[in-house]
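# What the coordinates show
Single-letter residue listing:
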Amino acid sequence: MGQSLWICGFKDHRSRRGAPRLAAGLLSAALLALPVHAQEAAAKPDELRYLLGLRVSSGPEYPGSRRQEQGLTPLWALHWGRWRITTAGTGAMMGFGSEAASPGPGASRDWLQGEHWKLGLGLRIDSGRDSDQAEITRGLPDVPRTLRGRLNLQVELNPKWTLSASLSPDLLNRRGGTELSVDFGRSLYRSRHASLTLGLGLSASDRRHLQSYFGVPEGSEAAQRLGRHYEPGSGLTSAYVNLSYMQALTPRWVLVASWSEGRLLDAAAASPFVETTRQRSASIGLAYRN
């Protein structure tokens, strides 16, 4: 959860004192524009489409931290033919499906497709971990930045439910390991101008990934400070539920807001530097699309 710098955006955002004020400003603008009804302009198959915006977010300093950080991050996306490059959360804004079952951040394209399913391939940059950025992780080995692949399957179970499964290995073998996630998306409300989606998800990781992000090597500075070392095996990493709302304010301007509540599980939850298994995050963003 939350350890990636995506190929199309920045996860390592800087905390900003003005972030809450900007969030209030975005929300005010959205409320003023709610009476405006808009329909997304139709795009030609080979037309270059783009999206640019900003998002204010709040989330854990690192997986397992009690401390919440607020920050400002860019939203952007490109779409040409079957190719997409997106930041987290912009897939739905560009019309690639609900956030719970989107192809995910990074560079991606559809590979195979049926009437109610599609199989896609993708790449993203995993920023790893700089252990000195948080007090509780100091003394742990850094995790190098790497390139991840992604194999993503989406299945439309019925008009309201969508299943998405994603497998993401470390292609450069830099201790990133392999991640697996399964998500169910439920459409709670949908109109020509707005949508509200519920997402339910479960993630798992192999032994290499969990040891890199939740392990404490024997003899390390962190092991001495925490009083023990820790070598997790493979298993479940987290479970989460999220709500995402999208509103077309005009044919070009789109508001998006999300809330997520999660829990670290099993080997991840048992790590000695995990302060809390509860993981809560929220964001609001405004973007322009051509």
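Values in this document were obtained by computation on a predicted structure and should not be read as measured data.

### Description of the nonpolar core
Counting residues in hydrophobic clusters, the biggest one holds 17 residues, and the most contacted among them are Tyr 62, Leu 140, Leu 210, Phe 214, Val 216 and Phe 273. Listed by contribution, the elements that provide at least two residues to this core are α2 (207-214), α3 (221-226) and α4 (266-269). Looking at which element gives the most residues to this core, the answer is α2, with three residues. In this structure, Leu 75, Met 246, Val 256 and Ala 287 belong to the second largest nonpolar core, which totals nine residues.

### Re the packing of aromatic side chains
On inspection of all chains with the given rule, the structure shows four aromatic pairs. Ring plane angle 40 degrees and centroid distance 6.4 Å describe the contact between Tyr 50 and Tyr 288, whose orientation is recorded as tilted. Placement of the pair is Tyr 50 in strand β1 (residues 49-60) and Tyr 288 in strand β12 (residues 278-289), with a sequence separation of 238 residues. For Tyr 288, a relative accessible area of 29% corresponds to the partly exposed category. Between Tyr 62 and Phe 273 the ring centres are 6.3 Å apart and the planes differ by 45 degrees, which places this aromatic pair in the tilted class. Of this pair, Tyr 62 sits in the loop between β1 and β2 (68-80) while Phe 273 sits in the loop between α4 and β12, and the two are 211 residues apart along the sequence.

### Quick notes on the pattern of salt bridges
Applying the stated rule across the entire model yields nine salt bridges. For Arg 124, the salt bridge is made with Glu 179, and the minimal N-O distance between the two is 3.0 Å. Of the two residues, Arg 124 is situated in strand β5 (residues 117-126) and Glu 179 in strand β8 (residues 178-190); the sequence distance between them amounts to 55 residues. As far as burial versus exposure is concerned, Arg 124 and Glu 179 are alike and both buried. The salt bridge partner of Arg 278 is Glu 261, with a shortest N-O separation of 2.6 Å. Separated by 17 residues along the polypeptide, Arg 278 in strand β12 and Glu 261 in strand β11 (residues 253-264) bring together distant segments of the chain. On the basis of relative accessible area, Arg 278 is assigned to the partly exposed category, the value being 38%. Among the charged side chains, a salt-bridge network with shared partners connects Arg 124, Asp 126, Arg 148 and Glu 179.

### Observations concerning the pairing of strand β3 (residues 83-86)
Look at any regular strand and the pattern is simple: side chains alternate between the two faces of the sheet. Burial along β3 is one-sided: Arg 84 and Thr 86 are buried, while Trp 83 and Ile 85, pointing the other way, are not. Two strands pair when backbone bridges link them, and β2 and β3 are joined in this way by four bridges, in the antiparallel orientation. Opposite His 79, over in β3, you have Arg 84 as the bridge partner. With antiparallel pairing between neighbouring strands as the criterion, β2 and β3 make up a hairpin whose turn holds two residues, including Gly 81 at a positive phi of roughly 60 degrees. Pairing analysis gives four bridges linking β3 to strand β4 (residues 106-113), with the strands arranged antiparallel. When the sheet's bridge partners are listed, Ile 85 is paired in β4 with Ala 107.

### Re a nonpolar patch on the surface
On the surface, a nonpolar cluster with roughly 1000 Å² of combined accessible area is contributed by Trp 111, Leu 112, Trp 117, Leu 121, Leu 151, Leu 153, Leu 157, Leu 167, Leu 180, Val 182, Phe 184 and Leu 200. When contributions to the nonpolar patch are tallied by element, the ones reaching two or more residues are β4, β5, β6 (146-156) and β8. A total of three residues in the nonpolar patch trace back to one element, the largest contributor, which is β8. Note on Trp 111: relative accessible area 48%, which makes it partly exposed.

### Some remarks on the sheet that holds β1
Taken together, 12 strands build a closed barrel; the order of strands is β1-β2-β3-β4-β5-β6-β7-β8-β9-β10-β11-β12 and the barrel is antiparallel. Neighbour-to-neighbour, the strand axes of this sheet turn through a mean angle of 20 degrees, independent of strand direction. Pairing geometry for strand β10 (residues 235-248) and β11, over 11 bridges, is antiparallel. Bridge assignment links Val 241 to a residue of β11, and that residue is Glu 261.

The rules behind the values
Per-chain numbering applies: the sequence of each chain, read as written, is numbered from 1 onward. Thresholds applied to this predicted model are a pLDDT of at least 70 for local features of residues and 80 or more for the giving and counting of side-chain atom pairs; totals over whole chains, interfaces and linings are not thresholded and use all residues. The side-chain figures draw on all heavy atoms in the structure; neither hydrogens nor water molecules are used. Definition used in this section: a nonpolar core is a set of buried Ala, Val, Leu, Ile, Met, Phe, Trp, Tyr and Cys residues joined via side-chain atoms within 4.5 Å. Accessibility here uses a 1.4 Å probe with only protein chains present; expressed as a share of the type maximum, an area under 20% marks a residue as buried, one over 50% as exposed, and anything in between as partly exposed. Secondary structure follows DSSP: runs of H or I at least 4 residues long count as helices, runs of E at least 2 residues long count as strands, and numbering of each begins at the N terminus. Pairing of aromatic rings covers Phe, Tyr and the six-membered ring of Trp, with a centre-to-centre limit of 6.5 Å; geometry is then stacked below 30 degrees between planes, edge-to-face above 60, and tilted otherwise. The salt bridge criterion pairs a side-chain nitrogen of Lys or Arg with a carboxyl oxygen of Asp or Glu, the two atoms within 4 Å. For two strands to pair, DSSP has to find at least two bridges joining them. Like charges within 9 Å and nonpolar side chains (Val, Leu, Ile, Met, Phe, Trp, Tyr) within 5 Å are joined into patches, using only residues over 30% in relative accessible area that form no salt bridge. Residue-level accessible areas treat just the shown protein chains as cover; the underlying method is Shrake-Rupley with a 1.4 Å probe. Here an axis means a line fitted to C-alpha atoms, over the contact stretch when the element is a helix, while the angle between two N-to-C directions is reported on a 0 to 180 degree scale.

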